[in-house]
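Observations on the three-dimensional arrangement
Okay, here's what each chain looks like letter by letter:
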Amino acid sequence: MTDKKSNAMWGGRFAAGPDAIMEAINASIGYDKRLAFQDITGSRAHAAMLAAQGIITDTDAKTIREGLLTVLSEIESGTFEFSTALEDIHMNVESRLKEIVGEPAGRLHTARSRNDQVATDFKLWTRDQMDACIDGLEALIKALLGQAEAGADWVMPGFTHLQTAQPVTWGHHMMAYVEMLGRDVSRFKDARVRMNENPLGSAALAGTGFPIDRHMTSEALGFDRPTANSLDAVADRDFALEFLSCASITAMHLSRFSEELVIWSSAQFRFVTLSDRFSTGSSIMPQKKNPDAAELIRAKVGRIMGAMVALFTVMKGLPLAYSKDMQEDKEQVFDAADNLMLALAAMTGMVSDMTANVDSLRAAAASGFSTATDLADWLVREAGLPFRDAHHVTGALVALAESKGCDLPDLSLDEMKSAHAAITEGVYTVLTVENSVASRTSYGGTAPSQVRAQIARWKEVLG
């Protein structure tokens, strides 16, 4: 009777009762095995330091370091057997090390705790991931630079409120995303500098009485310095939160561009043609070519930002120093990192492969009275009108053209003069979209000369 009640309470998966529940909730090996390389790297550095400080013998250190390489080779070859009963990657590695080298393995954990060990491993992994994100962003920036260089002169509509505003160039639009992604690179680099302090040697929370050399392990692991407070070192997950924050902003930028690609590739816009490699068909409508890669990238920001919120929620109420809640820090970061890298790779592929439909871009740029601001500027420069008066005159001419079903360049000079007598034939020189974009030569403007200058600057930045 007791067994039946136990089964009903815990469910078939946990037929053994509360012990199985505890093992399942306590174990993290199912996901933190991704830290194997970092764990073994940190342990090898720790063993070398212990020997250098005379805390363990050189012989034991050599045995431990070589044994750890054997463990790593087993993990990388797929022959290593992970055990849930051993809870996490740290205990799994240490247990296997003991099987390989025997008694010296027990000396490895001298002067450290799993608290500083996991903080070190996770920092090393996150640092590596930041480097990967920087590389992925720079690859995408280079793809955008290629598009910008090809289309520095191609005219397209610029939008505000998704309404035609003023003509811009294709190159200028591509370079807007270069600037966004450049800030993303900067954020990752900045966060990487801030996180690059070594928790190893902080032990459980108070440091250690052994004469360790934390600067030695810091140098061996590529950290700039050891952390300055052992309580903070084991309690800190700011580096993971910053990674998720940077990832969320990057994903938001990718989502915005994805939205534009979805719109631009539609039959109503026809601004771009996406390659077959990043599109799919419909199971029922044979004419369809769906921008599924862009749509999926657009959705990634939800789970990446969700990971950030989840980790903030885990950390917000924790007293110093370490709490088991912090075991919930990794899955969100791993998931966000995987999805961001996938999104960056897919966007890089789409940008590299997509074809701008230059004629459609130019036709759209010339519609919707897109050179109205050029007309107003001309009235200020040539007729001496205050801008607000020029704005009013231009508005009257837009209304006239709209009533006639034509665009501004199609109005006759007499019709132009009906709005203001100072208008001359020279006004028509500013009403073409090509002249409009060519005139926007202010620094950062859409003129092809400015676009090419920014492309050159970014090429120099990237090296």
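Note that the coordinates shown come from a computational prediction; the quantities given were computed from them, not determined experimentally. (Residues numbered from 1 in each chain as written. Predicted model: local features only at pLDDT ≥ 70, side-chain atom pairs only at ≥ 80, totals over all residues. Heavy atoms only, no water.)

1. Examining the overall build of the protein chain
Looking only at helices and strands, the protein chain has 19 helices and 6 strands in total. What you see for the protein chain is a C-alpha radius of gyration of 31 Å, clearly larger than the 23 Å of a compact globule of 463 residues, by over 25%. Its C-alpha atoms put the protein chain at 100 × 60 × 40 Å along the principal axes. Considering the protein chain as a whole, with its 463 residues, one finds that 48% of them fall into the buried category. (Helix = DSSP H or I, 4+ residues; strand = E, 2+ residues; numbered from the N terminus. Rg over C-alpha atoms; globule rule 2.2 N^0.38 Å. Buried < 20%, exposed > 50% of the residue type's maximum accessible area, 1.4 Å probe, protein only.)

2. As for the packing of aromatic side chains
In the structure shown here, the tally under the stated rule is 11 aromatic pairs. On the numbers, 6.3 Å between centres and 80° between planes, the contact of Phe-122 with Phe-334 is edge-to-face. Of the two residues, Phe-122 sits in helix α7 (residues 114-150) while Phe-334 sits in helix α13 (residues 330-353), which places them 212 residues apart along the sequence. Phe-122 sits in the buried class, given a relative accessible area of 0%. Look at Trp-125 and Phe-334: their rings are 4.7 Å apart centre to centre, the planes differ by 65°, and that puts the pair in the edge-to-face class. In this pair, Trp-125 is assigned in helix α7 and Phe-334 in helix α13, connecting sequence segments 209 residues apart. (Phe/Tyr/Trp six-rings, centres within 6.5 Å; stacked < 30°, edge-to-face > 60°.)

3. Section: helix α12 (residues 292-315)
Helical periodicity: at 3.6 residues per turn, an α-helix aligns residues three or four positions apart in one direction. The end-to-end C-alpha distance of α12, which contains 24 residues, comes to 35 Å, matching closely the 34 Å that a straight helix rising 1.5 Å per residue would cover. Every buried residue of α12 is listed here: Ala-293, Ala-294, Ile-297, Lys-300, Val-301, Ile-304, Ala-307, Met-308, Leu-311, Val-314 and Met-315. (Expected span 1.5 Å × (residues − 1).)

4. Considering the confidence of the model for the protein chain
On average, residues of the protein chain score 92 in pLDDT, and 94% of them are at 70 or above. pLDDT under 50 marks residues 1-11. Its contacts with residues more than four places away, or in other chains, come to 8 contacts. (pLDDT = per-residue confidence, 0-100. Contact = heavy atoms within 4.5 Å.)

5. Some words on the side chain of Arg-237
Take Arg-237: it is sitting in the loop between α10 (230-235) and α11 (238-264). Looking at Arg-237, its side chain comes within polar contact range of the side chain of Asp-329, at 2.6 Å. Discounting residues that sit within four places of it in the chain, Arg-237 has contacts with Val-118, Ala-119, Phe-122, Met-315, Tyr-322, Met-326 and Asp-329. (Polar contact = N/O pair within 3.5 Å; in protein donor to acceptor, adjacent residues only side chain to side chain.)

6. Here we look at the state of the cysteines
One pass over the structure, following the stated rule, counts 0 disulfides. Not part of a disulfide, Cys-133 finds its nearest cysteine sulfur in Cys-246, a span of 8.9 Å. Using a relative accessible area of 0% as the deciding quantity, one classes Cys-133 as buried. (Disulfide = S-S within 2.5 Å.)

7. Points about the packing of helix α4 (residues 36-52) against α7
Direction vectors running N to C along α4 and α7 enclose 120°, while the axes themselves pass 9 Å from each other. Considering their axes alone, α4 and α7 lie oblique with respect to each other. Crossing hand, α4 versus α7: right-handed. Residues Gln-38, Asp-39 and Ser-43 of α4 pack against Gln-117, Asp-121, Leu-124, Trp-125 and Asp-128 of α7. Residues that form the contact of α4 with α7 fall into these classes: 2 nonpolar, 3 polar and 3 charged. (Axes fitted to C-alpha atoms, helices over the stretch in contact; angles between N-to-C directions. Parallel < 35°, antiparallel > 145°, perpendicular 65-115°, else oblique. Left-handed = near helix turned anticlockwise from the far one by under 90°. Nonpolar A, V, L, I, M, F, W, Y, C, P; charged D, E, K, R; others polar.)

8. Examining the pattern of salt bridges
Applying the stated criterion across every chain yields a total of 25 salt bridges. Residues joined by salt bridges that share partners form a network here, namely Asp-60, Glu-103 and Arg-107. (Salt bridge = Lys/Arg side-chain N within 4 Å of Asp/Glu carboxyl O.)

9. Details of the pairing of strand β1 (residues 155-160)
If a strand is regular, its side chains alternate between the two faces of the sheet. The sheet contact formed by β1 and strand β2 (residues 163-169) spans 6 bridges and is antiparallel. Residue pairing across strands places Met-156 opposite Val-168, the latter belonging to β2. The loop that links β1 with its antiparallel partner β2 comprises 2 residues; one of these, His-161, has a positive phi angle of about 55°. (Pairing = 2+ DSSP bridges.)

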